[in-house]
Amino acid sequence: MSQKGAFEGYQAPATEEDAIRKSRCLALLLSAAWVGSAAGASALTLTSPDFQQGKKIAEDYAFNSFGCTGKNTSPALAWSGAPKNTKSFALTVYDPDAPTGSGFWHWVVFDISPDTTSLAKGAGDPKSDAAPKGAIQVRSDWGAPGYGGPCPPKGDKPHHYIFTIYAVDVDKLDADKNATAAIVGFNLHSHTLAKASLTAVYGH
């Protein structure tokens, strides 16, 4: 393209004030474009084919003791949009409504490999092969390793069960299978790159 063609239609600012105004407009446009690009960037998200955000979770996923008659099966979960420098994942399930003074941990699993993007239905059973190889499942507040489903006291209003996936900046947390949920949470606090949650409710 010739210089003439490149500048065809261009009109120089009539005054210095016009030049400043056009410069400010350009800056605003560039700023808006940057914000739009940032907003459009992928973010970590968590989904499940087995329950919807804010909806009741089915009986299959409820606990099978303490007056509850579920199958204690962990639901299938999937996530996407993790930061590129993610080195592992962790997942927790927490009931903030439990009448304990400190909530109730229903599932804590960590050291999930960074190329994993889902947990199969039933992966919360440590005796099965459904969990990703190398992932560690510690004791829930039910007292056993792996997933322990919802079972609020009868007569309570429905409790909230918060499933949270964490993108972690280390391949292995400073914890092992004997760690408590609190110790895992302490480690996650300083090693989380991003997190996303999905909440189910359950009452009986």
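Structure shown above.
Let me sum up the structure you'll find in this document. (Residues numbered from 1 in each chain as written. Predicted model: local features only at pLDDT ≥ 70, side-chain atom pairs only at ≥ 80, totals over all residues. Heavy atoms only, no water.)

**Things to note about the state of the cysteines**
Move 1: If you walk through the whole model with that rule in mind, you get one disulfide.
Move 2: The disulfide bridge from cysteine 68 ends at cysteine 151, spanning 2.1 Å between sulfur atoms. Judged by the torsion about the S-S bond (95°), the cysteine 68/cysteine 151 disulfide is right-handed. Placement of the pair is cysteine 68 in the loop between β1 (45-47) and β2 (77-80) and cysteine 151 in the loop between β6 (136-137) and β7 (159-168), with a sequence separation of 83 residues.
Move 3: Classification of cysteine 68 by relative accessible area gives buried; the value is 6%.
Move 4: For cysteine 151, a relative accessible area of 10% corresponds to the buried category. (Disulfide = S-S within 2.5 Å. Helix = DSSP H or I, 4+ residues; strand = E, 2+ residues; numbered from the N terminus. Buried < 20%, exposed > 50% of the residue type's maximum accessible area, 1.4 Å probe, protein only.)

**Examining the pattern of salt bridges**
Move 1: Overall, the coordinates contain one salt bridge when judged by the stated rule.
Move 2: With a closest N to O distance of 3.8 Å, lysine 71 and aspartate 60 form a salt bridge. With lysine 71 in the loop between β1 and β2 and aspartate 60 in the loop between β1 and β2, the pair connects residues that are eleven residues apart, well separated along the chain.
Move 3: The partly exposed category is assigned to aspartate 60, whose relative accessible area is 27%. (Salt bridge = Lys/Arg side-chain N within 4 Å of Asp/Glu carboxyl O.)

**A closer look at the pairing of strand β3 (residues 88-95)**
Move 1: Most of β3 is tucked away, with seven of its eight residues classed as buried.
Move 2: In terms of strand pairing, β3 meets β7 through seven bridges, oriented antiparallel. Paired with tyrosine 94 across the two strands is isoleucine 162, which belongs to β7.
Move 3: Where β3 meets strand β4 (residues 104-112), six bridges bridge the pair, whose relative direction is antiparallel. Its bridge partner lying in β4, threonine 92 is registered against valine 108. (Pairing = 2+ DSSP bridges.)

**What to know about the sheet that holds β3**
Move 1: Read from one edge to the other, the open sheet built from five strands follows the order β6-β4-β3-β7-β8, with strand pairing classed as antiparallel. Whereas interior strands pair on both sides, the edge strands pair on one side only; in this sheet they are β6 and β8 (192-202).
Move 2: The strands touched by helix α3 (residues 181-189) are β3, β4, β7 and β8; relative to β4, the strand with the most contacts, the crossing angle is about 50°. (Contact = heavy atoms within 4.5 Å. Axes fitted to C-alpha atoms, helices over the stretch in contact; angles between N-to-C directions.)

**Side note on the nonpolar core**
Move 1: Membership of the largest hydrophobic core comes to 26 residues, with the highest contact counts inside it found for Leu46, Trp79, Leu91, Trp107, Phe163 and Ile165.
Move 2: Within the residue set of this core, elements represented by two or more residues are β2, β3, β4, β7 and β8.
Move 3: Discounting chain neighbours no more than four positions away, the residues touching phenylalanine 163 are Leu46, Phe51, Ile57, Pro75, Leu77, Thr92, Val93, Ala196, Ser197, Leu198 and Ala200.
Move 4: In terms of nonpolar packing, the next biggest core, distinct from the first, is built from 13 residues, Phe110, Ala175, Val184 and Leu188 among them. (Core = buried A, V, L, I, M, F, W, Y, C linked by side-chain atoms within 4.5 Å.)

**Concerning the sheet that holds β1**
Move 1: Reading across the sheet, the three strands line up as β1-β2-β5 and stay open at both edges, with antiparallel pairing between neighbours. A single partner strand is all that each edge strand has here, and the edge strands are β1 and β5 (118-119).

**Things to note about the pairing of β7**
Move 1: Counting buried positions over the ten residues of β7 gives eight, a clear majority of the element.
Move 2: The sheet contact formed by β7 and β8 spans ten bridges and is antiparallel. Directly across from valine 168, in β8, lies its bridge partner threonine 192.

**Here we look at the environment of glycine 103**
Move 1: Examined against the element boundaries, glycine 103 turns out to sit in the loop between β3 and β4.
Move 2: For glycine 103, a relative accessible area of 6% corresponds to the buried category.
Move 3: Spatially, the C-alpha atom of glycine 103 lies 9.4 Å from that of aspartate 141, the residues being 38 residues apart in sequence.
Move 4: The residues contacting glycine 103, other than those within four sequence positions of it, are Tyr94, Asp95, Pro96, Ala98 and Asp141.

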